[in-house]
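Structural features, examined
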Amino acid sequence: MAYKRLISRRHIMRLGLATLSGIGVVLGAKKIYPRQQISSFSNQEKNLRRDFTVSGKTPLRNRAASKGLIYGAAGNYPALSSDEAFKKRFAQECGILVPENELKWDTLRPTPYIFDFSKGDWLAQFAQRNNMLFRGHNLVWNQFMPEWFKEVVNRQNAEKFLVEHITTVTKHYVGQMHSWDVVNEGIDPNHGNPDGLANSPWLDFLGADYIELAFRVAAQSDPKALLVYNEGGLKYDTPEHEARRTAVLKLLEHLKSRGTPIHALGMESHILAHETRFNPKKLRTFLSDVASLGLKIMITELDVIDQKLPADPTLRDRIVAGAYQDFLSVVLDEKATIAVLTWGLSDRYTWISRFNSRSDAATVRPLPLDSDFKPKLGWNAIASSFDKAPKR
Ligand code: 9MR
């Protein structure tokens, strides 16, 4: 069932103008490295000159907190339960923990009838013992479902499964969650569905209203948690990201207009270090549009993918740090942005080594701490972005 179009003409015009200025930025950038070494990113000269100095070693969680912001990271059970040094560094730097995988359907539900909360509970306790907030990821997604799902769930029982899942999981953690990603990655204009909705068993079985239903059920069982719609692919000045921004705004406007209990947009923010089509103005406008709906913004899965950068780690770190700074200066300028979470804390434990490894097999360096838990320039970039951010 498609819902009404609510995006204003003014909004579309603003997006169009921003596109033109974005092209100017990219074309105007100078390349100072030989083309064969660095082929496609535009900001290297600026990055080499940039100053990433920060004063002191105050952890990121405290720097963020002094601006009324929350900083934290995704952590997983295998890493945090087995690595004492990592655990210690995690608790020092992070004011919020989100389980990377432990609360997803495929981990929580080995069979249709069993919920296994053991790993999620361990992480919840770890957060509590270290005075960290805890957040849930995620209740509804179209991917990484358990094997049994396809065999068992159908049009007749889908609503029962959705409602039961959300109710059971949110009640289990009631009072412990800062926020929940209620629906994850529900938009994908490439799939060709009305309103840009992503292919999903939930869309097939329940129609577009599955999203609203999910929020209403979550609010009933955990009325205090911040309820978040989480989405990726919103940052760049590309037709694909533009289509997503438009579709996400439309979805958020629709949900708000129906009085749905939704409180924030989660922007994943997996940055590609080599991508040139970053348009600060356009991103800033999108953030204002989200904020004007009365929603908060959480940066939920920030990291900088260095897969296509040159091999030299010093240069790579500098470019990665520049990408962190460019992005954070825009998103933290918007006062509706309340939190920044990186998707991992140390290069020792990152999904990027599995999903976006380098052709030269060098260790990937996307996160604030290196594999030995030492701060890299990316840490400085995040720290200085918090230091410069306006107070909430
Ligand atoms: O980092 C996560 C990786 O360990 C998992 O194998 C994968 C599938 O569950 O999910 C990764 O996290 C994703 C997150 O849940 C949603 N947004 C994209 C993240 C990176 O792929």
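Sequence order sets the numbering: in each chain, residues are counted from 1 along the sequence as written. Under the rules for a predicted model, residues below a pLDDT of 70 receive no local features and side-chain atom pairs below 80 are neither given nor counted, while totals for whole chains, interfaces and linings still include all residues. As a convention, hydrogens and water are excluded, and side-chain values are obtained from all of the structure's heavy atoms.

Notes on the overall build of the protein chain
Using the following cut-off: Put simply, DSSP H or I for four residues or longer makes a helix, DSSP E for two residues or longer makes a strand, and each gets a number counted from the N terminus. By the convention used here, residues are in contact when the closest approach between their heavy atoms is within 4.5 Å. Each accessible area value is a Shrake-Rupley result obtained with a 1.4 Å probe; residue values ignore everything except the protein chains displayed when judging cover.
Counting its secondary structure elements, the protein chain contains 16 helices and nine strands. Counted over contacts in the protein chain with a minimum sequence separation of 6, partners at least 24 positions apart contribute 78%. Carbon and sulfur atoms provide 52% of the accessible area of the protein chain, an area that totals close to 16,500 Å².

Some thoughts on the site of the ligand
Applied cut-off: Nearness is defined per residue: one heavy atom within 4 Å of the molecule or strand is enough. Here a cavity is any set of points on a 1 Å grid over the protein atoms alone where a 1.4 Å probe fits but cannot get out, and a pocket is any open set with protein on both sides within 12 Å along at least 5 of 7 lines; a residue lines the site when it has an atom within 4 Å of a point. Grid points define the cavity or pocket, and a molecule sits in it when more than half of its atoms lie within 2 Å of them. Throughout this entry, Asp, Glu, Lys and Arg are counted as charged residues, while Ala, Val, Leu, Ile, Met, Phe, Trp, Tyr, Cys and Pro are counted as nonpolar. The remaining residues, Gly among them, count as polar.
Surrounding the ligand, one finds 15 residues, the nearest of these being Glu 100, Lys 104, His 137, Glu 301 and Arg 354. In isolation the ligand has 460 Å² of accessible area, and contact with the protein removes 90% of it. Here the ligand occupies the largest pocket. A class-by-class count of the residues in the shell around the ligand yields five nonpolar, four polar and six charged.

Observations regarding the UniProt feature "active site" (unreviewed entry) in the protein chain
Inclusion rule: UniProt positions are given in the numbering used here, feature names are shortened, and annotations may be inferred rather than shown by experiment. Exposure categories follow from relative accessible area, calculated using a 1.4 Å probe and restricted to protein chains: below 20% of the type maximum is buried, above 50% is exposed, and the middle band is partly exposed.
Taken from the UniProt record, the annotation "active site" (unreviewed entry) applies to Glu 301. Turning to its location among the elements, Glu 301 is positioned in strand 8 (residues 296-305). A residue is classified by how much of its surface remains accessible, and Glu 301, at 5% relative accessible area, is buried. Leave out the neighbours within four places in its chain, and Glu 301 touches His 137, Asn 230, Met 267, Glu 268, Ser 269, His 270, Leu 341 and Trp 343.

Section: empty space enclosed by the protein
Formally: Grid points are joined across faces, edges and corners, and a volume is the space filled by probe spheres set on the points.
Per the counting criterion, the structure on display carries one cavity of 30 Å³ or more. If you trace the largest cavity, you find it lined by Ala 74, Gly 75, Asn 76, Ala 79, Phe 86, Glu 100, Gly 344, Leu 345 and Tyr 349. The residue makeup of the lining of the largest cavity, split by class, is five nonpolar, three polar and one charged.

With respect to the pairing of strand 3 (residues 133-140)
This is how the line gets drawn: For two strands to be treated as a pair, DSSP must find at least two bridges joining them.
Within strand 3, seven of the eight residues are buried, leaving the element largely enclosed by the surrounding structure. Of the strand pairs in this sheet, strand 2 (residues 96-99) and strand 3 are connected by two bridges, and their pairing is parallel. Looking at the pairing, Ile 96 lines up with Leu 133 of strand 3. By the bridge criterion, four bridges tie strand 3 to strand 4 (residues 179-184) in an arrangement that is parallel. Within strand 4, the residue paired with Arg 135 across the bridge is Ser 179.

Quick look at the confidence of the model for the protein chain
Put simply, the test is: The pLDDT value tells you how sure the predictor is about a given residue, anywhere from 0 up to 100.
With 88% of its residues at a pLDDT of 70 or more, the protein chain has an overall mean of 90. Across residues 4-41 the pLDDT falls below 50, and counting only partners more than four positions away or on other chains, this stretch makes 58 contacts in the model.

So, the layout of surface pockets
Empty space within the largest pocket amounts to approximately 930 Å³. As for the largest pocket, its lining consists of 36 residues, and the residues nearest its centre are Trp 141, Glu 185, Glu 268, His 270 and Trp 351. Going through the elements one at a time, helix 12 (239-257), strand 7 (270-272), strand 8 and helix 15 (352-355) are the ones with two or more residues in the lining of the largest pocket. For the lining of the largest pocket, the element with the highest residue contribution is helix 12, accounting for three residues. Of the residues assigned to the lining of the largest pocket, the class counts are 10 nonpolar, 14 polar and 12 charged.

Considerations on the side chain of Ser 384
Mapping Ser 384 onto the fold places it in helix 16 (residues 377-388). Among all residues touching Ser 384, those that are not within four sequence positions of it are Val 54 and Gln 325.

Topic: the pattern of salt bridges
Which entries qualify depends on this criterion: The working definition used for a salt bridge is a side-chain nitrogen of Lys or Arg within 4 Å of a carboxyl oxygen of Asp or Glu.
Under the defined criterion, the tally for this structure stands at 23 salt bridges. For the salt bridge of Glu 212 with Arg 216, the shortest nitrogen-to-oxygen distance reads 3.1 Å. On the criterion of helical spacing, the pair formed by Glu 212 and Arg 216 is a turn pair, its members being four residues apart in helix 11 (residues 210-221). The buried category is assigned to Glu 212, whose relative accessible area is 6%. Residue Glu 240 pairs with Arg 244 through a salt bridge whose shortest N-O separation is 3.7 Å. On the criterion of helical spacing, the pair formed by Glu 240 and Arg 244 is a turn pair, its members being four residues apart in helix 12. On the basis of relative accessibility, which here comes to 9%, the residue Arg 244 falls in the buried class. Linked through salt bridges whose partners overlap, the residues forming this network are Asp 188, Glu 231, Glu 240 and Arg 244.

As for the environment of Thr 276
Turning to its location among the elements, Thr 276 is positioned in the loop between strand 7 and helix 13 (280-291). Residues Thr 276 and Tyr 236, 40 residues apart in the sequence, show an inter-C-alpha distance of 8.5 Å.

Some words on the packing of aromatic side chains
Rules: For Phe, Tyr and Trp, rings pair up if their centres lie within 6.5 Å, where Trp contributes its six-membered ring, and each pair is then called stacked (planes under 30 degrees apart), edge-to-face (over 60) or tilted (otherwise). Both a distance and an angle decide whether a charge sits over a ring: NZ of Lys or CZ of Arg must be within 6 Å of the ring centre and within 35 degrees of the ring normal.
For the structure on display, the rule yields 18 aromatic pairs. Between Tyr 77 and Trp 122, the ring centres sit 5.5 Å apart and the planes meet at 90°, which makes this aromatic pair edge-to-face. Of this pair, Tyr 77 sits in helix 4 (residues 77-82) while Trp 122 sits in helix 7 (residues 118-129), placing them 45 residues apart in sequence. We classify Tyr 77 as partly exposed; its relative accessible area is 26%. Residue Trp 122 is classed as partly exposed on the basis of its relative accessible area, which comes to 21%. Note on Trp 105 and Trp 148: the rings are 6.4 Å apart at their centroids and 45° apart in plane angle, and the pair reads as tilted. Taken as a pair, Trp 105 in helix 6 (residues 105-108) and Trp 148 in helix 8 (residues 148-152) lie far apart in primary sequence, 43 residues in all. When sorted by exposure, Trp 105 lands in the same class as Trp 148, which is buried. Through a chain of ring-to-ring contacts, the aromatic side chains of Tyr 77, Phe 86, Phe 90, Trp 122, Phe 126, Tyr 349 and Phe 373 assemble into a single cluster. The positively charged end of Lys 160 is found above the aromatic ring belonging to Phe 161, 4.6 Å away from the centroid.

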